[in-house]
Amino acid sequence: MRITDDSPPIVSALDRPNSYIGRSVPRPNLARLTQGRAQFVSDLTLPRMAHVAFVRSPHAHARIVAIATAAAAKAPGVVAVVTGAKLAKVITPWVGVLTHLKGIKSAPQYAIAIERACWQGEAVCAVVARSRAEAEDACELVEVSYEALPAVADPETALESGTPVIHPELGDNLTFERVHVGGDPDKGFRDADAVIETTFHFGRHTGVTNEPRAILADWNEGEGRLTVYQGTQAPHMMQNLFAKHLALEEHQVRVLTKDVGGSFGIKVHTYADEMATVALSKLLKRPIKFVADRIESFVTDIHARDHRVKAKIGVKNDGTITAWEIDDLTGIGPYSVYPRTSGIEANQIVNLTGGPYTCPNYRARARVVFQNKNVMCQYRAVGHPIATAVTEGLVELAAAKIGMDPLEMRRRNLIPDDAYPSSGPSGIKFEALSHHESLAHLDAMMDYAGLRAEQKRLRAQGIYRGIGFASFIEVTNPSAAFYGIGGAKISAQDGVTMRLDAQGALICHTGVTEQGQGAEAVIAQVAASSFGVPIERVRVITGDTDSTPYGGGTWASRAAGIGGEAAWQAGKALRANVLACAASILQAKPEHLDIRDGAVVDRDGGNERLPLHELARIAYFRPDTLPPGFQAELVATRHYVPRAWPFAFTNGVQASYVEVDRDSGFVKLLRHWCVEDCGTVINPQLVDEQIRGGVVQGIGAALFEHCIYDARGQLLNGNMADYLVPMAAEMPDIEVGHVVTPTADSELGAKGAGEAGTAGAPGAVMNAINDALRPLGAKPLTAMPFTPGRILQALGRISESTPT
Amino acid sequence: MKPAPFAYAKARSVAAAIELLASNDARLLAGGQSLIATLNMRLSQPALLVDINGIAGLDRIALTNAHIEIGTLVRYAQAERSPEIARAAPLIALALPHIGHTAIRNRGTLGGSLAFADPAAELPACMIALGAEIEIVGPQGQRAVKADEFFKDLFETALTARDVLTAIRVPVASGATRVGFAEFARRHGDYAMVGLAACAQADGTRLNDLRLAYFGVGATPVRARKAEAALAEGDVEAGVSALAGDLDPPDDVQASGAVKTHLAGVLLRRVARQLGRAAS
């Protein structure tokens, strides 16, 4: 029996006295952030620091014929003007491939383009000056002669023989292809009473962070040491990459990441301009800072989700799904992004499609192609929103076709809650999920029957509302199966080092990083609970490769589940060390003692025996009073990596309630619900914030966000006026519910929650819009974002051949 | 996103501002809500910014029997709170909440919006619908230009490089005045995909002196004169059909011309209801 309360109580196995697990404690970093005392890289200055700005290609594809730098070099404040050829002497190029993505290929990418610019926005020259303003002034004086080359813009034609090959040495424009067949799809489709086929389009979009990408690199020639302050999700990964490409050893590189103004997966990649900044520091032997401005962010921050998926479902009249088929095509820009590659998103779509359901008959093909647009790579909920929208779009189209209620359709096909361990049609393994319980919880939470009655009543008045659902699964807590086995030096394990300070407080170093999502709070809660001090006595230190344990950082919803478990284990280990010390002072048996609320107490009865500050005083300043041969060890480190399962899958279901104006094609979001199961909930408020923020980003994909390129590979809306991020005024109230199925892979039992909202929202909104428009005979909408023009077209209000 | 170098001068009088504008490549700085963004993006690189924010008296709202005069430096937020504007120029009061967000409305000025003349902005269309006059002071003295003749082309107005727009004069609404305003924007506060500002004088069921000013449909606000004729006779659907002859909106990143034309018809029906509602 699982707990289905919206604010799950403390899970019994973790119910230590003074436990903070399951409580919405305020984040310890809140005051720092709200008082403007956070340490963002954008705000940092160092002595002798210079700023770099980049001259960027206005062409999607062009040969660089010549670069005249003399005028820029003489401009006020300029320190250096550096071309790609010059910079290549200090930094080597990279190739974004992984061995477990069989056949993936890419070309060497340089920190600054040398012979060719391959997308609009690629840096072709760096200007270093005393200030960013002076660097930008001098950029205007750099004269680059380009010979424009034909641009490959459309993925649909990228593999055709008449299309130029972007990297001739690779032979074609195919980056990666994966084919998967599970069960017997042909028989599945033969057994179907109805087969529904459609094509889904997903708009290329990007994550828009409050703080843009920022890096400050400081090469100290005398010390032979590179210090890099960087807004990144993965400090140790970057340490490895800086060392590798600058011919240094890792101990010569220190990466510092304090506060980061939002990441969403945008800041977990190798960016050419950031690598160039580090190389410039080495070349010029002084601190160099680069902060991307909003305009260059739009053409350099990774994009994502640009997919066309032809999809098919077979269904029997009783609602049984008999087969799935997808054919995915995606264009990822001219390079596979290093080191995680740009093949993962398509690979995830193959992995996740059909995932919540029992039907094993599945045929999938995914093709990833090069094109002359900004690079695409992993953004929050990699592949999930696409796989979920395709799966759930098919499920609701099939339900409509056979005249079945969409919730009933799911009840008949979702993997039963008592069938675990189980696996998905692609072969992915599930430890324990709760699709049916989540569905039942959602049904009650939203008063589904009541909403359907309201919908019917309003339709009679000419008001068209729709209800749409999306069941989903989410990959969290990844083991080495994600990147490590493919040869990338990206740590799957993470560690926590805990030290009792001289006044009995806890100093806690963790390898996971804070991006504004609350990792610091979660680590502090777990550390305080596991060891036994008030949370005010825990100081969490993140983001310093010199002092924090080696770890992966924050991505793939891993900080709470993996970093949290390391903190739990470290807390237990340090408690044992401290109790050993206390036992020797008190001449008691350690097993008769415990640490609660900052003091050593009798395990039974809880009588206070020794405050921790007194224990620390004795251990640090009067060890001479301890028994001979006893050495107090007031530091403990523990690491954790999931071993039993490659990933801790989570699950959930979302619902969207919308009203579509049939005259204007505008969609009003009325309400949104999400029931999710991330296992043990450490901090309900932070989990709910993750879900809500994720839902908003998913709604952005469904209705607003779109990087619009023309046929020549030019981005047409790369600014905050024309690129529509979702705003509060248009957002519905988002209600969050929980089902709790802890993972048995860790004692904490926590899985990730960072991407569930984003995974399900686009599919739910799509299904709601189609539900609203179905009685009007509208053609189902399957191309995101669902703009008023596209909706008017589906309604026949404007002709199908007219642009929208 | 740092502006190219520029000089800065703060004018203490309109005359001083005009004097400063004599220097080559000078631009006036009012609320800065459009200009500063274009500077930062290096879309414009003036040599001198002439700041008129310190000129006394340009932020007055004055009511006479025939007109309400709105000083060029009146901020949107100030106009929103003005009981005089609510009473004498209700169309402007209807339009103001659609302009940007609070932070923008706190800083942006009515005069700045007209001088910048963004074709998708609300206020230029309101001025045309209201038959407003724009007061301009230049080296040769003061003159007034009717709104119909003020907006020349994309970001081009009757203002010359040495002119200062000093005030807006709008006829005071009477008991017979009917106004309507509606726009479609993907997100609240965005520039409209298409919008409509309308004003008329009711005479029984007839609408006299009806002015329909669309924005977001061309290089300037556009009067829909054929639709005006139909709607004045009370035939809304004929007005909607006539829009095809009145408007030829170009495609942009938010919507195609076809979508804009369709939405213009939806707006006309809504605004016609507002004009009718006010009459009853």
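Residues numbered from 1 in each chain as written. Chains lettered and ligands numbered in written order. Predicted model: local features only at pLDDT ≥ 70, side-chain atom pairs only at ≥ 80, totals over all residues. Heavy atoms only, no water.

### Quick notes on the overall build of chain A
Okay, step 1: From N to C terminus, chain A includes 19 helices and 30 strands.
Okay, step 2: For 804 residues, the compact-globule estimate of 2.2 N^0.38 gives 28 Å, and chain A sits close to it at 28 Å.
Okay, step 3: On the principal axes, the C-alpha backbone points of chain A span a range of 90 × 75 × 45 Å.
Okay, step 4: Across the 804 residues in chain A, those meeting the buried criterion constitute 66%.
Okay, step 5: In chain A, 80% of the contacts between residues at least 6 apart in sequence involve partners at least 24 apart.
Okay, step 6: Total accessible area on chain A is roughly 27300 Å²; 50% of this is exposed by carbon and sulfur atoms.
Okay, step 7: Averaging the locations of the 78 positively and 88 negatively charged side chains of chain A gives two centres separated by 2 Å. (Helix = DSSP H or I, 4+ residues; strand = E, 2+ residues; numbered from the N terminus. Rg over C-alpha atoms; globule rule 2.2 N^0.38 Å. Buried < 20%, exposed > 50% of the residue type's maximum accessible area, 1.4 Å probe, protein only. Contact = heavy atoms within 4.5 Å. Areas by Shrake-Rupley, 256 points an atom, 1.4 Å probe, with all protein chains shown as cover. Lys, Arg positive; Asp, Glu negative; His and termini not counted. Charge placed at Lys NZ, Arg CZ, Asp CG, Glu CD.)

### Considerations on the side chain of glutamate 474 of chain A
Residues and elements named next belong to chain A.
Okay, step 1: With respect to the element layout, glutamate 474 can be found in strand β20 (residues 464–476).
Okay, step 2: Buried within the structure, glutamate 474 lacks any salt-bridge partner; arginine 380 is the closest side chain of opposite charge, at an N-O distance of 7.8 Å.
Okay, step 3: A polar contact of 3.3 Å, which involves the side chain of glutamate 474, links it to the backbone nitrogen of glutamate 755.
Okay, step 4: Among the polar contacts made by the side chain of glutamate 474, one reaches the main-chain amide nitrogen of alanine 756 at a distance of 3.1 Å.
Okay, step 5: Residues in contact with glutamate 474, not counting those within four places in the same chain, are His384, Ser557, Ala648, Phe649, Thr650, Gly752, Ala753, Gly754, Glu755 and Ala756. (Salt bridge = Lys/Arg side-chain N within 4 Å of Asp/Glu carboxyl O. Polar contact = N/O pair within 3.5 Å; in protein donor to acceptor, adjacent residues only side chain to side chain.)

### Concerning the environment of alanine 47 of chain B
All names here are of chain B.
Okay, step 1: Among the secondary structure elements, alanine 47 is positioned in the loop between α2 (35–40) and β3 (48–51).
Okay, step 2: Through-space distance from the C-alpha of alanine 47 to that of asparagine 24 is 7.2 Å; in sequence the pair is 23 residues apart.
Okay, step 3: Not counting residues up to four positions away in its chain, the partners in contact with alanine 47 are Phe6, Ala7, Asn24 and Asp25.

### Here's the deal with the domain arrangement of chain B
Okay, step 1: For chain B, the assigned domains are domain 1 (7–51), domain 2 (61–171) and domain 3 (177–279).
Okay, step 2: Computed from C-alpha atoms alone, the centre-to-centre distance between domain 1 of chain B and domain 3 of chain B is 35 Å. (Domains from an automatic or database assignment.)

### Points about the nonpolar core
In globular proteins that are soluble, nonpolar side chains generally tend to be buried together.
Residues and elements named next belong to chain A.
Okay, step 1: Leu87, Leu226, Phe242 and Ile769 are the most contacted members of the largest nonpolar core, which totals 168 residues.
Okay, step 2: The leading source of residues in this core is helix α10 (residues 384–402), at 10 residues.
Okay, step 3: Of the domains in this structure, domain 2 (41–149 + 212–260 + 267–300) and domain 3 (303–480 + 644–794) are the two that each give at least three residues to this core.
Okay, step 4: Residue contacts for phenylalanine 242: discarding those within four places in its chain leaves Ile215, Leu226, Val228, Gln230, Val253, Val255, Met275 and Val278.
Okay, step 5: Counting residues in each nonpolar core, the second largest holds 52 residues, with Val533, Ala570, Leu586 and Leu593 among its members. (Core = buried A, V, L, I, M, F, W, Y, C linked by side-chain atoms within 4.5 Å.)

### Remarks on the pairing of strand β29 (residues 667–677) of chain A
Okay, step 1: The buried count for β29 of chain A comes to eight of 11 residues, which makes it a mostly enclosed element.
Okay, step 2: The antiparallel hairpin formed by strand β28 (residues 648–660) of chain A and β29 of chain A contains six residues in its connecting segment, where glycine 665 of chain A sits at a positive phi of about 80°. (Pairing = 2+ DSSP bridges.)

### Here's the deal with the interface of chain B and chain A
Okay, step 1: Taken together, the contact between chain B and chain A spans 27 residues of the former and 35 residues of the latter.
Okay, step 2: Taken over both partners, the interface formed by chain B and chain A buries close to 2400 Å², and the fraction arising from carbon and sulfur atoms is 61%.
Okay, step 3: Scanning the region where chain B abuts chain A turns up four salt bridges.
Okay, step 4: Arginine 42 of chain B serves as the salt-bridge partner of glutamate 140 of chain A, at 3.5 Å between the closest nitrogen and oxygen.
Okay, step 5: Taken together, the links from chain B to chain A amount to 14 residue pairs in polar contact (both at pLDDT 80 or more).
Okay, step 6: In terms of residue count, the dominant contributor to the side of chain B that touches chain A is helix α12 (residues 257–279) of chain B (six residues).
Okay, step 7: Looking at the side of chain B that touches chain A residue by residue, the class counts come to 14 nonpolar, six polar and seven charged. (Buried area = accessible area lost by both parts, 1.4 Å probe. Nonpolar A, V, L, I, M, F, W, Y, C, P; charged D, E, K, R; others polar.)

### Here we look at the state of the cysteines
Put plainly, a disulfide is one covalent bond tying together the sulfur atoms of two cysteines.
All names here are of chain A.
Okay, step 1: Tallied over the entire structure, the rule returns zero disulfides over all chains.
Okay, step 2: Distance from the sulfur of cysteine 678, which forms no disulfide, to the nearest cysteine sulfur (cysteine 674) is 10.0 Å.
Okay, step 3: Cysteine cysteine 707 shares no disulfide, and the gap to the nearest cysteine sulfur, in cysteine 377, comes to 15 Å. (Disulfide = S-S within 2.5 Å.)

### Concerning the sheet that holds strand β26 (residues 608–611) of chain A
Residues and elements named next belong to chain A.
Okay, step 1: Ordered in space as β24-β25-β26, the three strands form an open sheet in which the pairing is antiparallel. At either margin of the open sheet sits one strand with a lone partner, and together these are β24 (593–596) and β26. With strand direction ignored, the average angle separating the axes of adjacent strands in the sheet is 30°.
Okay, step 2: One ladder, built from four bridges, connects β24 with strand β25 (residues 599–602); its direction is antiparallel. By the bridge assignment for β25, leucine 593 is matched with aspartate 602. (Axes fitted to C-alpha atoms, helices over the stretch in contact; angles between N-to-C directions.)

### Considerations on the pairing of strand β21 (residues 494–500) of chain A
Residue and element names in this part refer to chain A.
Okay, step 1: Within β21, six of the seven residues are buried, which leaves it mostly tucked inside the rest of the structure.
Okay, step 2: Judged from the six bridges that link them, β21 and strand β27 (residues 635–640) form a sheet pairing that is antiparallel. Residue pairing for β27: aspartate 494 is matched across the bridge by tyrosine 640.
Okay, step 3: Pairing of β21 with strand β22 (residues 506–510), which is carried by five bridges, proceeds in the antiparallel orientation.

### Focus on the domain arrangement of chain A
All names here are of chain A.
Okay, step 1: On domain assignment, one finds that chain A holds domain 1 (12–38 + 493–640), domain 2 (41–149 + 212–260 + 267–300) and domain 3 (303–480 + 644–794).
Okay, step 2: Distance from the C-alpha centre of domain 2 to the C-alpha centre of domain 3: 36 Å.
Okay, step 3: Each partner contributes residues to the interface: domain 2 has 33 residues there, and domain 3 has 28 residues.
Okay, step 4: Across the domain 2/domain 3 interface, buried area totals approximately 2600 Å², and carbon plus sulfur atoms make up 62% of it.
Okay, step 5: For the pair domain 2 and domain 3, the number of links is zero salt bridges.
Okay, step 6: If you look at where domain 2 meets domain 3, you find 12 residue pairs in polar contact (both at pLDDT 80 or more).
Okay, step 7: Put simply, the parts of the chain that give the side of domain 2 that touches domain 3 at least two residues each are α6 (235–245) and α8 (294–300).
Okay, step 8: Sorting elements by how many residues they give to the side of domain 2 that touches domain 3 places α8 first, with five residues.

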